[in-house]
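Single-letter residue listing:
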Amino acid sequence: MAVLVCGGAGYIGSHVCEELKKYNIDTVVIDSLDSGYIESIPYIENFYHGSIGDKELLKKIFTNHKVDTVFHLCAYIEVGESVVNPSKYYNNNLVNSIVLLDSMIENGVKNFVFSSTAAVYGEPENIPLKEEYRKIPTNPYGDSKLALENILYWYSNAYDINYVALRYFNASGAHSNGLIGEAHNPESHLIPLILQVALNQRDSIKVFGDDYPTPDGTCLRDYIHVCDLALAHIKAMEYLQKNGASVSCNLGNGKGFSVREVIEISRKITGHEIPAIIEPRRLGDSSELIASSELAHKILGWKPEITSLETIVESAWNWHKNNPNGYLKK
């Protein structure tokens, strides 16, 4: 049997493919390459360039390969952009995903592992966040993910399909092999933006808001290493293949670090002063997002192996300093 990785050439997707390679699992990838890089998965023989909203392409994939499990990692993810251009997010993250689910059902594929997000919770009432807490997203990105989780719930009840929705907190870091890492264009994630300052690719790092109700006034986030996320996908697949019931799980380290703390750790690791400039708050940002991942441990047998923020930043720095232009060799 094979696994179909939708968005397998992206940041997290390429790390999932790398993890699948360790297990010698037959892997098929579909990716539009809007934000992914084929260079991140050079060993993938069964690669399809296109969208999960393309019914005919999906039919071809499911006809050519005996797919047992689908990993869905091909969403647009920029919070700020989703606020000013929600149509882009609902069409890609939701409409195209329904096409994928319907195609799975038509072809008898029953296992679905979905990359969801902590953004489904919105502004939390209590920390750490647990799966049953209220969900009121503060931006269309989070809302599109929550909408698909709701659709998955009803599809799972109506059709022969089971799912694990993995609610990522802040994915970060890079693979220890130094060959794959985070490369977005334009970049919007905190750690790579900070490291671009250390590489003299930008003059300073912007801190969006220093008046949040947190210890130092900047947002608190739970950083989870991308390789731990990749391992969680394997655990979720194994769980579903053993006929596990549909479930949504948080994936995080359970500890929050502020923007100021991340900058300070990055200064220590890179030896660069990394100037920081305070800017107004950014649309759609929550003040604090920290996970309880007890359910993932209990049901999937998953725990993060890389829990030190210093180790996470070091792995990212190793990637960025050796690949300052990402996968573009300039």
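Look a little higher up for the structure.
Residues numbered from 1 in each chain as written. Predicted model: local features only at pLDDT ≥ 70, side-chain atom pairs only at ≥ 80, totals over all residues. Heavy atoms only, no water.

Student: I tried to follow the overall build of the protein on my own but got confused; where do I start?
Tutor: Scanning the protein from N- to C-terminus turns up ten helices and 14 strands. Scaling as 2.2 N^0.38, a compact globule of 330 residues should have a C-alpha radius of gyration of about 20 Å, and the protein matches this with 19 Å. Principal-axis analysis of the C-alpha atoms gives the protein an extent of 55 × 45 × 35 Å. Looking at the 330 residues of the protein, the share that counts as buried comes to 57%. Long-range contacts, defined as pairs at least 24 residues apart, comprise 77% of the intrachain contacts of the protein with a sequence gap of at least 6. In the structure as shown, the protein presents an accessible area of about 14400 Å², 48% of it carried by carbon and sulfur atoms. (Helix = DSSP H or I, 4+ residues; strand = E, 2+ residues; numbered from the N terminus. Rg over C-alpha atoms; globule rule 2.2 N^0.38 Å. Buried < 20%, exposed > 50% of the residue type's maximum accessible area, 1.4 Å probe, protein only. Contact = heavy atoms within 4.5 Å. Areas by Shrake-Rupley, 256 points an atom, 1.4 Å probe, with all protein chains shown as cover.)

Student: Which parts of the structure should I look at to understand helix H2 (residues 55-64)?
Tutor: Since there are 3.6 residues in each turn of an α-helix, residues three or four apart along the chain are aligned in direction. Those residues of H2 that sit buried are Leu-57, Leu-58, Ile-61 and Phe-62. Considered in projection along H2, the buried side chains sweep an arc of 130 degrees and stay on one side of the axis. In H2, the exposed positions that point more than 90 degrees away from the buried face belong to Lys-55, Glu-56 and Thr-63. At its buried positions, H2 is contacted by strand S1 (2-6), strand S2 (26-31), strand S3 (46-49), strand S4 (67-72) and helix H4 (86-106). (Arc of directions from axis to C-beta.)

Student: For this particular structure, what's the right way to read the packing of aromatic side chains?
Tutor: Pairs of aromatic rings are described using the distance from one ring centre to the other and the angle between the two planes. Throughout the structure, instances matching the rule amount to six aromatic pairs. Judged by centre distance (5.1 Å) and plane angle (35 degrees), the rings of Tyr-37 and Tyr-327 are tilted. Of this pair, Tyr-37 sits in the loop between S2 and S3 while Tyr-327 sits in the segment after helix H10 (309-322), and the two are 290 residues apart along the sequence. Take Tyr-37: its relative accessible area is 16%, and that puts it in the buried class. Centre to centre, the rings of Phe-112 and Phe-114 are 6.4 Å apart; their planes meet at 20 degrees, and the pair counts as stacked. Taken individually, Phe-112 and Phe-114 each receive the classification buried, so the pair is uniform in this respect. An aromatic cluster of at least three residues, connected via ring pairs, comprises Tyr-37, Trp-319 and Tyr-327. Seen from the ring of Tyr-76, Lys-88 lies directly overhead, with NZ or CZ sitting 4.5 Å from the centre. (Phe/Tyr/Trp six-rings, centres within 6.5 Å; stacked < 30°, edge-to-face > 60°. Lys NZ or Arg CZ within 6 Å of the ring centre and 35° of its normal.)

Student: In this structure, what is going on with the sheet that holds strand S6 (residues 162-168)? I would like to understand it.
Tutor: Paired through backbone hydrogen bonds, the strands of a sheet run either parallel or antiparallel to each other. Strands sit in the order S3-S2-S1-S4-S5-S6-S11 across an open sheet of seven strands; the sheet is parallel. Of all the strands in the sheet, the pair left with one neighbour each is S3 and strand S11 (247-251). Each strand axis lies, on average, 20 degrees off the axis of its neighbour in the sheet, ignoring direction. Pairing of S4 with strand S5 (residues 111-117) involves four bridges; the strand directions are parallel. (Pairing = 2+ DSSP bridges. Axes fitted to C-alpha atoms, helices over the stretch in contact; angles between N-to-C directions.)

Student: I tried to follow the pattern of salt bridges on my own but got confused; where do I start?
Tutor: If charged atoms from side chains of opposite charge come close, those side chains can pair. Enumeration over the complete set of coordinates arrives at ten salt bridges. The partner of Lys-88 in a salt bridge is Glu-81, with the nearest N and O atoms 2.9 Å apart. Residue classification places Glu-81 among the partly exposed residues on the basis of a relative accessible area of 29%. A salt bridge links Glu-125 to Arg-134, with the nearest nitrogen and oxygen atoms 3.6 Å apart. (Salt bridge = Lys/Arg side-chain N within 4 Å of Asp/Glu carboxyl O.)

Student: Got a minute to help me understand the packing of helix H8 (residues 259-270) against H10 in this structure?
Tutor: Packed helices, taken two at a time, are described by the angle between their axes plus the distance between the axes. Packing of H8 against H10 leaves a shortest axis separation of 10 Å and a crossing angle of 55 degrees. Our classification of the angle between H8 and H10 gives oblique. The handedness of the crossing between H8 and H10 comes out as right-handed. Packed against H8, whose contacting residues are Val-262, Ile-265, Ser-266, Lys-268, Ile-269 and Thr-270, the element H10 presents Leu-309, Glu-310, Val-313, Glu-314 and Trp-317 at the interface. Its residues assigned to classes, the contact of H8 with H10 shows six nonpolar, two polar and three charged. (Parallel < 35°, antiparallel > 145°, perpendicular 65-115°, else oblique. Left-handed = near helix turned anticlockwise from the far one by under 90°. Nonpolar A, V, L, I, M, F, W, Y, C, P; charged D, E, K, R; others polar.)

Student: Sorry, what's going on with the nonpolar core here?
Tutor: Counting 36 residues, the largest nonpolar core has Ile-12, Phe-71 and Leu-300 as its most contacted members. When residues of this core are traced back to their parent elements, those giving at least two are S1, helix H1 (11-22), S6, helix H7 (226-241), S11 and helix H9 (294-300). Broken down by element, the residue count for this core peaks at eleven residues, all from H7. Leave out the neighbours within four places in its chain, and Leu-300 touches Val-164, Leu-166, Lys-235, Ala-236, Tyr-239, Cys-249 and Leu-295. Membership of the second largest hydrophobic core comes to 29 residues, among which are Ala-2, Cys-6, Cys-74 and Val-99. (Core = buried A, V, L, I, M, F, W, Y, C linked by side-chain atoms within 4.5 Å.)

Student: I would appreciate a short explanation of the sheet that holds strand S14 (residues 288-289) in the present structure.
Tutor: In spatial order, the strands read S12-S9-S14; together these three strands make up an open sheet with mixed pairing. Two strands in the sheet have a free side with no partner beyond their single neighbour: strand S12 (257-258) and S14. Where strand S9 (residues 220-221) and S14 come together, two bridges link them in parallel fashion. Paired with Arg-221 across the two strands is Leu-289, which belongs to S14.

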